[in-house]
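# Understanding the architecture of this molecule
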Amino acid sequence: MLIRQVEQQVIFELKKGKTDFKKMATRLQIDYSTLNSLVRRLATYDIIRRNDNGTYSVTSAELTVASDKEVHNHRKNNPNRRLDMDNPLPLVMGEELEDLKEFVAIQCEEDVPRSTILVRLKRYGYDLSRQELLQFVEFFNLAPKRKKTKETEVEVA
């Protein structure tokens, strides 16, 4: 599997058992959000996997560092890339995933705006983009079913 130089550095840090992303981002001289995206991408392509204790393990032994363009083309054209994930948030698993689903479902049922849900999730350590939240809601069918109301006819005098 082809990986970028920065992804190799992230994997090296994760192999050392480092899980404090803020400190890791500082060491690697990248933004926290960039590091979060890199870890998600590595998990999506099944290069790393999050263990139950919060550490990460490398799942792919044959990793080759290549240029950004080569990696992009390889991933784009690779028929073995993971498209049918069983979880749109690969870093969230087990009971944590069930708790997250329940929280988001309750928020959706109460018609809480998506932006407010994102703020609340961030407060609990889930830094999701709006798109990721929408995919999560759609994937697990968490949006409440809207009742169709009959249009009432209004008589005009």
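Structure's up top.
Let me sum up the structure you'll find in this document.

### Examining the environment of Val71
Residue position: Val71 is located in helix H4 (residues 68-77). Residues Val71 and Ile3 lie 68 residues apart in sequence; the distance between their C-alpha atoms is 6.0 Å. Non-local contacts of Val71, meaning those with residues more than four positions away in its chain, are made with Leu2, Ile3, Arg4 and Ala66.

### Some details on the packing of helix H2 (residues 21-28) against helix H3 (residues 32-44)
The contact between H2 and H3 brings their axes to 9 Å, and the two run at 105°. On the basis of the axis angle, H2 is roughly perpendicular to H3. Of the residues in H3, those touching H2 at Phe21, Lys22, Met24, Ala25 and Leu28 are Tyr32, Leu35, Asn36 and Val39.

### Section: the side chain of Glu7
Along the chain, Glu7 turns up in helix H1 (residues 5-15). Look at Glu7 and you get buried, because its relative accessible area is 0%.

### Observations regarding the packing of aromatic side chains
With the rule as written, the count across this model stands at three aromatic pairs. What links up through ring pairs into an aromatic cluster is the set Phe136, Phe139 and Phe140. The aromatic ring of Tyr32 is capped on one face by Lys22, whose charged end is 5.9 Å from the ring centroid.

### Section: the packing of helix H6 (residues 114-123) against helix H7 (residues 130-139)
Relative orientation of the contacting elements H6 and H7 amounts to 100°, with a least axis distance of 10 Å. Classified by the angle their axes make, H6 and H7 are roughly perpendicular. Contacts from Arg114, Ser115, Ile117, Leu118 and Leu121 in H6 reach Arg130, Leu133, Leu134 and Val137 in H7. Looking at the contact of H6 with H7, its residues break down into six nonpolar, one polar and two charged.

### Here we look at the pattern of salt bridges
By the definition in use, this model includes six salt bridges. With its nearest N and O atoms 3.7 Å apart, the salt bridge here joins Arg4 to Asp68. Here the residue Arg4 occupies a position in the loop between strand S1 (2-3) and H1, and Asp68 occupies one in helix H4, the gap between them amounting to 64 residues. A relative accessible area of 21% places Arg4 in the partly exposed class.

How each quantity is defined
- Sequence order as written defines the numbering, with residues in each chain counted from 1.
- In keeping with the predicted nature of the model, local features appear solely for residues at pLDDT of at least 70, side-chain atom pairs appear and are counted solely at 80 or more, and the whole-chain, interface and lining totals rest on all residues.
- As a convention, hydrogens and water are excluded, and side-chain values are obtained from all of the structure's heavy atoms.
- Strands are runs of DSSP state E lasting at least 2 residues, helices are runs of H or I lasting at least 4, and numbering of each runs from the N terminus.
- For this analysis, residues touch if any pair of their heavy atoms sits within 4.5 Å.
- Every axis in this analysis is a line fitted to C-alpha atoms, fitted for helices over the stretch in contact. Angles between the N-to-C directions lie between 0 and 180 degrees.
- These descriptions rest on fixed angle ranges, namely under 35 degrees for roughly parallel, over 145 for roughly antiparallel, 65 to 115 for roughly perpendicular, and the rest for oblique.
- The rule is simple: take the accessible area with a 1.4 Å probe, protein chains only, and divide by the maximum for that residue type; under 20% is buried, over 50% is exposed, in between is partly exposed.
- A pair of Phe, Tyr and Trp rings is counted when the ring centres sit within 6.5 Å of each other, with Trp represented by its six-membered ring. The angle between the planes then sorts it: under 30 degrees is stacked, over 60 is edge-to-face, the rest tilted.
- Lysine and arginine charges are scored as sitting over a ring when NZ or CZ, respectively, is within 6 Å of the ring centre and within 35 degrees of the ring normal.
- Here the nonpolar group is Ala, Val, Leu, Ile, Met, Phe, Trp, Tyr, Cys and Pro; Asp, Glu, Lys and Arg are the charged ones; every other residue, Gly included, is treated as polar.
- Counted as salt bridges are all cases of a side-chain nitrogen of Lys or Arg within 4 Å of a carboxyl oxygen of Asp or Glu.

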